[in-house]
Amino acid sequence: MGKYVEATDANFKELIGTSTPVLVDFWAEWCGPCKMIGPVVEELAGEVEGQAIVAKMNVDANSAVPASLGIRSIPTLMVFKNGEMVERLVGGNIPKSVLSETLLKHA
């Protein structure tokens, strides 16, 4: 398992405001597809260390940011660079290779 950052409503703006690409996994404990992709995201965090940042945000504990981004279904994975969203993926069956490629093309 890799090192991922715990994203919150409080630290989100600072977290994504970097030139390093940031993948944020918006998830919830009760979400089956989130449980499927969660380990893949955590594994990816270790593989991209030094090139990108991987974060996870629990939408039940942090509702302001997901609401402001218009997140209606989870898991939603977004890539941010310089504070702007540059990619959006939805669903729990996204292959790790696709996640990695989507994230690292912004590195």
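Rules and cut-offs
Every chain is numbered independently, its residues counted from 1 as its sequence is written. Whole-chain, interface and lining totals are the exception, using all residues; otherwise, since this is a predicted model, local features are given only for residues with pLDDT of at least 70 and side-chain atom pairs are given and counted only at 80 or more. To get the side-chain values, all heavy atoms of the structure are used, and hydrogens and water are removed first. UniProt positions are given in the numbering used here, feature names are shortened, and annotations may be inferred rather than shown by experiment. The helix and strand labels rest on DSSP assignments: H or I over at least four residues marks a helix, E over at least two residues marks a strand, and numbering proceeds from the N terminus. Throughout, the radius of gyration refers to the C-alpha atoms, and the reference size of a globule is 2.2 Å times the residue count to the power 0.38. Inter-axis angles, ranging from 0 to 180 degrees, are taken between N-to-C directions of lines fitted to C-alpha atoms, where helices are fitted over the stretch in contact. By the definition adopted for this analysis, an angle is roughly parallel if under 35 degrees, roughly antiparallel if over 145, roughly perpendicular if from 65 to 115, and oblique otherwise. Two helices that cross are described as forming a left-handed crossing if the nearer one is turned anticlockwise from the farther one by less than a right angle, and a right-handed crossing if clockwise. Contacts are residue-level and defined by heavy atoms, with any inter-residue pair within 4.5 Å sufficient. Residues are grouped as follows: Ala, Val, Leu, Ile, Met, Phe, Trp, Tyr, Cys and Pro are nonpolar; Asp, Glu, Lys and Arg are charged; all remaining types, including Gly, are polar.

Looking at an unreviewed UniProt entry, the protein carries the name Thioredoxin, with the source organism given as Aquirufa avitistagni. Regarding the protein, the UniProt comment filed under Sequence similarities (unreviewed entry) reads as follows: "Belongs to the thioredoxin family."

Let us look at the overall build of the protein. Counting its regular elements, the protein contains 4 helices and 5 strands. Listing every helix and strand of the protein by position from the N terminus yields β-α-β-α-β-α-β-β-α. For 107 residues, the compact-globule estimate of 2.2 N^0.38 gives 13 Å, and the protein sits close to it at 12 Å. C-alpha extents for the protein along the principal axes are approximately 30 × 25 × 20 Å.

Where helix α2 (residues 32-47) meets helix α4 (residues 96-104), the closest approach of the two axes is 10 Å, and the angle between their N-to-C directions is 45°. By the angle class used here, α2 and α4 are oblique. When the axes of α2 and α4 are compared, the crossing they make is right-handed. Contacts from I37, V40, V41, E43, L44 and E47 in α2 reach K96, L99, S100 and L103 in α4. Considering only residue class, the contact of α2 with α4 consists of 6 nonpolar, 1 polar and 3 charged.

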